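Residues per chain are reported as follows:
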Amino acid sequence: MGGLSKKAFQLEKIQKLHELPYLVLDAGNLLFKQERLSPGLLAQAKITAEGIVDSYNLMGYDAVSVGKNDLAAGLAFLQEQAAGSKFTWLSANLVSKSNQTPLFTPSLIRNIGDLSVGIIGLTEYDGSFRFQENEDAVLLPWQKVLPKLVDDLASKCDLLILLSNNVTKQNEEIAASFSKIHIIIQSTPGSRNTEPQLKNNSLIAQTGKQGKYLGWMLVNWQKSKIWGRTGATKELALKKQELDGIIGRISRMERREKENLTADTSYQNLVNTRERLLSEIIFLENELYDLKESGQAPSTFENHFIALDISLPDQPDVEKIVNATKQRVNQSGRSQAAEVRRITSKSELQIENLVFTGWQTCTACHKAQTEFWQRTAHASAYQSLAEQDQQFNLDCLPCHVTAEYKDFKISDNDTDLLSLPAALQQVGCEVCHGPAKNHTASQKSSAISRKPDISICIRCHTSERDETFNYNNDIEKIACPASQR
Amino acid sequence: MRHPVIMLIVILSLIAAEIKAAEIADSGEQNLLLFYSNDVMGETEPCG
């Protein structure tokens with residue numbers, strides 16, 4: 001959530017720079033990474049979610065649509081967050097199962113400058129989402145809720161925005177069905193930055209996954225309530241220029257060879273291109289003429305994405321919230337660990353019961369290799385967390401300890417990571433080479449992996465966490481000296 | 001006292017700005033900033 005303070009800084013900066021009326025919106029999947037969270041992760045994830053809501057309150061968000069992931073800690077938790085939010089949580093299709101009344105605000109109207117802007121929220125409906133048994137809730141398809149809502153808002157508003165948690169294909173269908181929805185901001189999971197695409201009369205846009213970008217549009221909204229074909233005049237000029245060239249080439253061919261031209265395919269292709277360009281030019285000229293005659297200039301936009309890079313400045317008040325939230329998360333993990341110790345009367349997992357042995361076992365036979373490893377960042381990965389007081393943060397821990405190799409996890413219980421023995425509190429030899437218990441017993445090299453494949457590395461060195469990671473280069477940096485055995 | 005040419009430029013700029021503002025009001029257009037985001041909960045920075 002470190003990007004929040006950088007986002008807040010950029011929001012303030014752009015607002016001051018332009019001094020224009022503004023809206024701040026989010027299309028959802030704001031609070032949690034997945035639709036479902038394991039019980040062990042829930043306590044810490046809820047604290048982080050609360051920190052995000054506090055940050056959004058401070059940033060002056062106007063509205064956020066309810067994404068499916070936002071329901072991961074249960075409907076009651078989200079409703080509790082909504083009650084404490086200064087912005088409005090929107091969902092037109094998340095309703096009570098028993099009486100079909102909306103569980104969140106379906107839409108709102110904001111007066112921005114001289115404009116009346118309608119905003120609708122939609123939660124993804126794909127028929128697969130299962131609410132908990134005690135939750136009186138159901139999701140409806142957009143076809144059931146949008147027609148009436150769009151008609152109603154369109155009659156009251158100048159500009160209509162849909163915040164949609166649906167996938168792109170669904171949003172394109174919505175755009176095709178409702179020309180009165182002018183902007184669709186979507187939160188399709190896993191998507192990259194999507195430059196606004198015009199479908200029917202809706203611009204569909206999205207920022208890249210995991211909150212790494214802030215999108216902003218400078219909108220020049222006209223009475224016509226239609227988007228102009230961006231650069232129609234420029235497009236017309238280019239087509240005319242291309243047509244001139246084609247006509248010149250046709251003339252030259254006709255001068256050179258007056259007969260048999262009809263059988264010449266390159267000549268025929270040029271003639272076909274000329275016809276196509278002529279028809280496109282006529283279409284564009286008519287379009288521009290009609291707009292000019294009607295006195296209704298089309299609306300235009302200018303879109304930007306800001307990468308919330310770690311080097312950008314932080315907004316101090318939001319940074320305080322982020323830091324305090326991280327501390328609360330760590331404290332919660334510390335309490336969870338203490339609770340496990342109290343229940344099991346054990347201070348940590350017993351290494352003799354695990355398939356990981358810890359790096360000291362490797363030292364006995366691979367001294368030069370372990371000495372080399374101790375000088376790498378892998379060896380101090382846990383220590384670096386502890387220095388930041390994040391060693392109980394279950395979001396961070398999996399990549400700072402020896403507890404996972406390919407599909408194998410030390411435990412299905414996420415909170416067990418809080419009780420690892422000191423021998424596994426590093427990214428040790430076995431993270432790259434696999435659990436060593438069988439290898440130490442048999443001494444067979446077949447029981448261990450010599451060189452980690454890329455899938456091992458990118459579990460942690462994802463593009464989100466480590467943009468500069470390059471397997472071929474980086475594997476050389478951590479390659480152990482050749483074994484003498 | 002400021003240079004008269006500079007004063008004249010400033011005055012002309014102010015008049016131009018007023019004309020532009022009047023044009024915007026008459027034409028019914030409106031400029032606005034729309035900030036948008038989604039999917040905030042991510043690994044925006046390394047843990048340590």
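Okay, the overall build of chain A next. When its secondary structure is counted, chain A shows 15 helices and 15 strands. Computed over C-alpha atoms, the radius of gyration of chain A comes to 29 Å, more than 25% over the 23 Å expected from 2.2 N^0.38 for 485 residues, which places it beyond the range of a compact globule. C-alpha extents for chain A along the principal axes are approximately 90 × 70 × 45 Å. Of all 485 residues assigned to chain A, the portion counted as buried reaches 47%. A separation threshold of at least 6 residues defines the contact pool for chain A, and within that pool the share at least 24 residues apart is 70%. For chain A, the accessible surface area stands at approximately 24300 Å², while carbon and sulfur atoms represent 50% of it. Distance between charge centroids for chain A: 3 Å, based on 54 positive and 58 negative side chains.

Before going further, it helps to examine the overall build of chain B. For chain B, the helix and strand inventory stands at one helix and one strand. For chain B, the residues scored as buried account for 31% of the 48 residues in total. Carbon together with sulfur atoms contributes 69% to the accessible area of chain B, which is approximately 3000 Å² in total.

A few words on the pairing of strand S8 (residues 159-164) of chain A. Residue and element names in this part refer to chain A. Counting buried residues in S8 gives six out of six residues, a clear majority hidden from the surface. Alternating residues of S8 divide into Leu159, Ile161 and Leu163 and Leu160, Leu162 and Ser164, and every residue in both groups is buried. Bridge count for strand S6 (residues 115-122) against S8 is six bridges, and the pairing is parallel. Looking at S8, one finds that Gly118 is bridged to Leu160. In the sheet, S8 pairs with strand S9 (residues 183-186) via four bridges, with the strands oriented parallel. Its bridge partner being in S9, Ser164 is matched across the sheet by Gln186.

This paragraph deals with the interface of chain A and chain B. Interface size is commonly expressed as the accessible surface area that is lost when the partners come together. In this complex, chain A contributes 67 residues to the contact, which on the side of chain B involves 22 residues. Taking both sides of the interface into account, the surface hidden between chain A and chain B amounts to around 4000 Å²; carbon and sulfur atoms contribute 56%. Where chain A meets chain B, there are zero salt bridges. On the surface where chain A and chain B come into contact, there are 18 residue pairs in polar contact (both at pLDDT 80 or more).

Strands sit in the order S3(A)-S2(A)-S1(A)-S1(B)-S12(A)-S13(A) across an open sheet of six strands; the sheet is mixed. Bordering the open sheet on either side are strand S3 (88-90) and strand S13 (300-307) of chain A, each of which pairs with just one other strand. Ignoring strand direction, the axes of neighbouring strands in this sheet form an average angle of 20 degrees. Here strand S12 (residues 213-221) of chain A pairs with S13 of chain A via eight bridges, running antiparallel. By the bridge assignment, Trp216 of chain A is partnered in S13 of chain A with His304 of chain A. Here helix H1 (residues 3-18) of chain A sits on the sheet in contact with strand S1 (22-26), S12 and S13 of chain A together with strand S1 (30-37) of chain B, set at roughly 175 degrees to S1 of chain B.

A few words on the sheet that holds S9 of chain A. Residues and elements named next belong to chain A. Judged by pairing direction, the sheet is mixed, and its six strands sit side by side in the order S5-S6-S8-S9-S11-S10 without closing on themselves. Both outer strands of the open sheet, strand S5 (107-112) and strand S10 (194-199), are each paired with one neighbouring strand and no more. Averaged over all adjacent pairs, the angle separating strand axes in this sheet is 20 degrees, with direction ignored. With four bridges connecting them, S10 and strand S11 (residues 202-206) associate as antiparallel partners. Paired with Thr194 across the bridge in S11 is Gln206. On top of the sheet, helix H4 (residues 142-156) reaches S5, S6 and S8; it is set at about 170 degrees to S6, its chief contact. Against the sheet, helix H5 (residues 168-177) engages S6, S8, S9, S10 and S11, with an angle of about 165 degrees to S9.

The rules behind the values
Residues numbered from 1 in each chain as written. Chains lettered and ligands numbered in written order. Predicted model: local features only at pLDDT ≥ 70, side-chain atom pairs only at ≥ 80, totals over all residues. Heavy atoms only, no water. Helix = DSSP H or I, 4+ residues; strand = E, 2+ residues; numbered from the N terminus. Rg over C-alpha atoms; globule rule 2.2 N^0.38 Å. Buried < 20%, exposed > 50% of the residue type's maximum accessible area, 1.4 Å probe, protein only. Contact = heavy atoms within 4.5 Å. Areas by Shrake-Rupley, 256 points an atom, 1.4 Å probe, with all protein chains shown as cover. Lys, Arg positive; Asp, Glu negative; His and termini not counted. Charge placed at Lys NZ, Arg CZ, Asp CG, Glu CD. Pairing = 2+ DSSP bridges. Buried area = accessible area lost by both parts, 1.4 Å probe. Salt bridge = Lys/Arg side-chain N within 4 Å of Asp/Glu carboxyl O. Polar contact = N/O pair within 3.5 Å; in protein donor to acceptor, adjacent residues only side chain to side chain. Axes fitted to C-alpha atoms, helices over the stretch in contact; angles between N-to-C directions.

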